[in-house]
Amino acid sequence: MVALSLLAGVTTACSDQDERPAIKIAAAAFLTAWSAGHPDRAAARTDTPAAANPLLTEVTDSLGVTKVRAAPGRVPQPTKGQATVPYTVTLTLRGLGDWSYSGALPMRLVGDGDTSRWLVRWSLAVVHPKLTAQTRLGRTRSLPPRAPILARDGRALMTERPVVDVGIEPRRLSAPQRAYRALAKLGVDQAKLAARVTAAQPDHFVAAITLRQEQFAKDESTLRAVPGLVFRDETRTLAATPTFGRAVLGSVREATAESLAKAGRLAAATDYVGASGLQLAFQDELAGRPSGEVRLLNRATRDVVEVLHRFDGSEGKPLQTTLDRDLQAKAERALAGATNPAALVAVRPSTGEVLAAANAPADSAFDRALVGKYPPGSTFKVVSASALFRDGLRPGDVVDCPQTVTVDGKRFKNYDDLGSLGRVPFSRDFAMSCNTAFINATQKLGPGAISETAALFGIGGNWDLGVSSFSGSVPRAASDVEKAASAIGQGKVLMSPLAMAVVAAAIQSGTPRSPSLVAQGEAGNLEPLPGAVANTVRTLMQDTVNNGTATVLDLPGKQVGAKTGTAEFGTDSPPRTHAWMVGFRGDLAFAVLVEDGQSGSKTAGPIAKKFLLAAT
């Protein structure tokens, strides 16, 4: 509540010439207390507090007033101890907005001599000029249908779908344990539900679970046979399946204190609001604006006497995304067999549009595809190789690949299956993902070379996807050891699957692009990569599929370019690893991550293969 910055308090009357300042202070005291949300204190500034207090409270409750801003107008010269002070007031009504009107405070001087003071002469018209003993204020509120989230082709990804709310009416519950067991089979916590039922009024509806219409149909006959269960047909904003695009699209749920605080001033506690993902980020646009009325009602019959104010509503605006509905489904099917948490992101190299962002487990709300922070391991050699080529290295230059190399006392080694390649062209070091060759070569670079090259790809940039995303972090090397670790995607280097898909897309197109997810987002092109760099790395990634660690992606049709990665993390000995595969095929770039995976080729590779075969 916002109170007026006016002095409040009693004042003594001196003479007719001095009364207007005293009247204004008294009127302001009433309005200040009302504005501050203290009806008892406001009532105390009237001549009949016992009548004023309940009426002021009633108005607040019946209209859902969350804020009052009131100010007195010009005070007239009093006559015979009476005066009328005009005022203006704006009431903020929960879930509707502001209602402003003008009123008047009849003031009267009470008491004699030094004990006299000005008070508001109470009547219902003090609150609104049309209120009488026979009327009261009321409101209506109506929400428009929530707008859908659309795929790139205009098809709905989320829209209103029929559901059934299953609950319990306590007074009908003749066999409680039977009801709880039936609901437990649907995933309801029996103990928590029983506690809510015990605390509820006998005729209240205690919600237990919301089922899609098709889900309810499977168990309808069993559930309807249980005494005490009650069913309500409703609609909810849902995707085609319970798990489709869940992390990125988000969910719409009954408002909580946390989601209501993020939903904007036109949301109400009874609403279903965006709770995560795009549904949360674009709550205002998707929900639209509620309509409603402030009504003067007959106090006895509740019939409408007059409509005092109308709030014009507006329909929600559909949210156009860049997601490809079919590719999203194919990405999710490719991840379906993953036994560990995983993610797959697909980006269009020519535009930077995010075509798919899939996560496993599919029912998780954590969007590891967009915001996950992981060491990228050898997939990051795409960036460090670009730094080397910018510095003048050529693919045919010989760079030694021993089994181990030591930098300032820190020992680095190749992946266990590789061993030593000896003195071979750098192109072979790339295809076979030789850690020691990359470390040897990058030791000649300056401390900022790798981080500066990463920035050319947009890594570490400010991406405008509409939802949270992690664009990667590649700090400037503070030592030769840090430089060595960065060269192979370890140390302080962190990337998200989205960031690595963006890197692969930049190599394929030659022009890095900030990713976009919604039509309002700004993709934006960065400076093109040096032509020789992009072309060279593109060729090396294709060679990696033909004759290197990514042969699992040697598929018929358009040439695939890829890079594997097995990234160490944690403090275990031997260290645990994440499995990566990033690459491109035509105008499609991708990144696959599997947490705690064995290796890029053995764990992430088959997922990428399944996705690419389905995507053609």
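Residues numbered from 1 in each chain as written. Predicted model: local features only at pLDDT ≥ 70, side-chain atom pairs only at ≥ 80, totals over all residues. Heavy atoms only, no water.

Draft legend 1. Summary view of the side chain of Arg-368. Within the fold, Arg-368 resides in helix α12 (residues 368-371). In this structure the side chain of Arg-368 is engaged in a polar contact, spanning 3.1 Å, whose partner is the side chain of Glu-595. (Helix = DSSP H or I, 4+ residues; strand = E, 2+ residues; numbered from the N terminus. Polar contact = N/O pair within 3.5 Å; in protein donor to acceptor, adjacent residues only side chain to side chain.)

Draft legend 2. Inspection of the sheet that holds strand β2 (residues 82-93) at higher detail. Read across the open sheet, the four strands follow the order β1-β2-β3-β4; overall the sheet is antiparallel. Where the open sheet ends on each side, the last strands, each with one partner, are β1 (65-72) and β4 (117-120). When strand polarity is set aside, the average angle formed by the axes of neighbouring strands in this sheet is 30°. Contacts from helix α1 (residues 19-35) reach β1, β2, β3 (97-110) and β4, with the element oriented near 175° to β1. (Pairing = 2+ DSSP bridges. Axes fitted to C-alpha atoms, helices over the stretch in contact; angles between N-to-C directions. Contact = heavy atoms within 4.5 Å.)

Draft legend 3. Fine view of the packing of helix α4 (residues 176-184) against helix α5 (residues 190-199). Closest axis-to-axis distance for the α4/α5 pair is 10 Å, and the angle between their directions is 135°. On the basis of the axis angle, α4 is oblique to α5. Here α4 runs over α5; the crossing is right-handed. In this structure, α4 contributes Gln-177, Tyr-180, Arg-181, Leu-183 and Ala-184 to the contact, and α5 contributes Gln-190, Leu-193, Ala-194 and Val-197. Partitioning the contact of α4 with α5 into residue classes produces six nonpolar, two polar and one charged. (Parallel < 35°, antiparallel > 145°, perpendicular 65-115°, else oblique. Left-handed = near helix turned anticlockwise from the far one by under 90°. Nonpolar A, V, L, I, M, F, W, Y, C, P; charged D, E, K, R; others polar.)

Draft legend 4. Region of the structure containing the state of the cysteines. Using the criterion set out here, one finds one disulfide in the structure. The partner cysteine of Cys-401 in its disulfide is Cys-434, sulfur to sulfur 2.0 Å. Looking down the S-S bond of the Cys-401 and Cys-434 bridge, the torsion is 105°, so its handedness is right-handed. Of this pair, Cys-401 sits in strand β17 (residues 398-401) while Cys-434 sits in the loop between α14 (426-431) and α15 (435-442), and the two are 33 residues apart along the sequence. (Disulfide = S-S within 2.5 Å.)

Draft legend 5. Highlighting helix α18 (residues 497-509). Taking 1.5 Å per residue, 13 residues should reach 18 Å; α18 reaches 18 Å between its end C-alpha atoms and fits that length. Counting buried positions along α18 gives 12 out of 13 residues, so the element sits mostly inside the fold. Every buried residue belonging to α18 is among Pro-497, Leu-498, Ala-499, Met-500, Ala-501, Val-502, Val-503, Ala-504, Ala-505, Ala-506, Ile-507 and Gln-508, and all of these are buried. Just downstream of α18 lies Gly-510, where phi reads positive at about 90°. (Expected span 1.5 Å × (residues − 1). Buried < 20%, exposed > 50% of the residue type's maximum accessible area, 1.4 Å probe, protein only.)

Draft legend 6. Geometry of the sheet that holds strand β13 (residues 304-311). Pairing in this open sheet of three strands is antiparallel, and the strands run β5-β12-β13 from one edge to the other. The sheet terminates laterally at β5 (135-142) and β13, the two strands that pair on one side only. Averaged over all adjacent pairs, the angle separating strand axes in this sheet is 25°, with direction ignored. Looking at chain direction, β5 and strand β12 (residues 291-298) are connected through eight bridges and run antiparallel. Within β12, the position partnered with Arg-141 by the bridge is Gly-292.

Draft legend 7. Highlighting the nonpolar core. Within the largest apolar cluster, 85 residues are counted, with the highest numbers of intra-cluster contacts made by Leu-249, Leu-278, Leu-498 and Leu-517. It is α18 that contributes the most residues to this core, 10 residues altogether. Apart from the residues lying within four places of it in its own chain, the contact partners of Leu-498 are Val-345, Val-347, Val-354, Ala-369, Leu-370, Trp-463, Leu-465, Ser-469 and Pro-515. Core analysis: the next-biggest nonpolar cluster, separate from the first, contains 41 residues, Ala-27, Leu-63, Val-75 and Phe-311 among them. (Core = buried A, V, L, I, M, F, W, Y, C linked by side-chain atoms within 4.5 Å.)

Draft legend 8. Here's a closer look at the side chain of Thr-135. With respect to the helices, strands and loops of the structure, Thr-135 is situated in strand β5. Side-chain polar atoms of Thr-135 contact the backbone nitrogen of Thr-132, separated by 2.8 Å. If near-sequence neighbours (up to four positions away) are discounted, Thr-135 is found in contact with Leu-124, Lys-130, Leu-296, Leu-297, Arg-299 and Val-305.

Draft legend 9. Here's a closer look at the pattern of salt bridges. Inspection of the entire model under this criterion finds 22 salt bridges. A salt bridge links Asp-271 to Arg-141; its shortest N-O distance comes to 2.8 Å. Highlighted residues: Asp-271 in the loop between α8 (257-262) and β11 (272-274) and Arg-141 in strand β5, separated in sequence by 130 residues. Looking at Arg-141, the relative accessible area reads 24%, which means it is partly exposed. (Salt bridge = Lys/Arg side-chain N within 4 Å of Asp/Glu carboxyl O.)

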